[in-house]
Amino acid sequence: MSGLNRVWVVSGATAAGVLAFFLWSAARPASAHAADKMIDKAAVKFTEDGKLKKPTGYRMWPFIGTPITPNDMNDGEAAFPEFHIVYMDPDSFAHYEKTGEYRDGTVLVKELTSVGSKEATSGKGYFMGEYIGLEVSMKDSKRFKDEPGNWAYFSFGHKYPLKESAPKAATASCNECHQQNAKKDYVFTQYYPVLRDAAPKK
Ligand code: HEC
């Protein structure tokens, strides 16, 4: 094949690819777009009696930070043992990138793992063990209109198997400490470098 022919073959294949893509997007049913929107809305789901269902899929959400309160530095039992892996629902993360604010509907998941070992070939330290617990916070001005800042808190337990659904925790047991000590809008933003970096620079 001469050089010129080869060019024609390659660009023909590219054109066919582009054409196929346009046909595919045009043929994509409107319901697929509607489904995308529904995923956007339902970052988490509630039971009919208002409990939060154990969230799913959050390990694919943007990761925002990892505080760690090891048991051995907290009298053998930290309030939230031990690694805290914190995620934010994708649409709220995109909003935060644009505005530096936690939008109405923001969901934060804090998943706990144990310390598995304290020594690796890289040195001494704290290395993740197994999943042990799950906490969620959510800001919703309609559903939680009576909570300070419209933030509600849910605990699915600190031992597997986790609860399948969790009631809203009492304001005094979670919300108050967040209200008093968190850097920004009830969220401990001071410990989340990903969010600080993602926010628009003033
Ligand atoms: C005594 C203070 C205090 C109380 C009470 C408290 N928290 Fe927190 N919470 C923190 C701190 C500090 C962090 C960030 C550092 C960390 O994870 O240890 C945090 C982080 C979180 C996060 C990650 C998102 C964020 O806001 O930073 C969730 C979710 C959360 N807590 C849920 C709960 C739930 C559920 C309860 C009640 C069962 C609760 N918290 C009670 C201090 C508290």
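Residues numbered from 1 in each chain as written. Predicted model: local features only at pLDDT ≥ 70, side-chain atom pairs only at ≥ 80, totals over all residues. Heavy atoms only, no water.

Counting residues in each nonpolar core, the largest one holds 19 residues, and the members touching the most others are Trp-61, Val-107, Val-109, Phe-154 and Phe-156. Not counting residues up to four positions away in its chain, the partners in contact with Trp-61 are Ala-43, Val-44, Tyr-87, Met-88, Asp-89, Pro-90, Val-107 and Val-109. Grouped together as the second largest cluster of nonpolar side chains are 17 residues, Tyr-102, Tyr-186, Phe-188 and Tyr-192 included. (Core = buried A, V, L, I, M, F, W, Y, C linked by side-chain atoms within 4.5 Å. Buried < 20%, exposed > 50% of the residue type's maximum accessible area, 1.4 Å probe, protein only. Contact = heavy atoms within 4.5 Å.)

Now for the site of the ligand. Taken together, 20 residues are adjacent to the ligand, and His-84, Cys-174, Cys-177, His-178 and Tyr-192 come closest. Here a nitrogen atom of the ligand sits 3.0 Å away from a polar atom, N or O, in the side chain of His-178. Among the cavities detected, the one that contains the ligand is the largest pocket. Those elements giving two or more residues to the shell around the ligand turn out to be strand E3 (83-88), strand E4 (107-120), strand E5 (123-139), strand E6 (151-155) and helix H4 (175-181). (Near = heavy atom within 4 Å. Polar contact = N/O pair within 3.5 Å; in protein donor to acceptor, adjacent residues only side chain to side chain. 1 Å grid on protein atoms, 1.4 Å probe; cavity = no way out; pocket = protein on both sides within 12 Å on 5 of 7 lines; lining within 4 Å. Sits in = over half its atoms within 2 Å of the grid points. Helix = DSSP H or I, 4+ residues; strand = E, 2+ residues; numbered from the N terminus.)

Here the focus is the packing of aromatic side chains. Taken as a whole and judged by the stated rule, the model has 7 aromatic pairs. Members of the aromatic cluster, connected to one another through ring pairs, are Phe-46, Phe-144 and Phe-154. Above the ring of Tyr-131, the side-chain terminus of Arg-59 is found at 3.7 Å from the ring centroid. Note that Arg-143 overlies the ring of Phe-46, its terminal NZ or CZ placed 3.6 Å from the centroid. (Phe/Tyr/Trp six-rings, centres within 6.5 Å; stacked < 30°, edge-to-face > 60°. Lys NZ or Arg CZ within 6 Å of the ring centre and 35° of its normal.)

Take the pairing of E5 next. Here E4 pairs with E5 via 11 bridges, running antiparallel. Residue pairing for E5: Glu-119 is matched across the bridge by Lys-124. Linkage of E4 to E5, two consecutive antiparallel strands, is achieved through a turn of 2 residues. Across 5 bridges, E5 lies against E6 in antiparallel orientation. Bridge pairing in E6 links Met-138 to Ala-152. (Pairing = 2+ DSSP bridges.)

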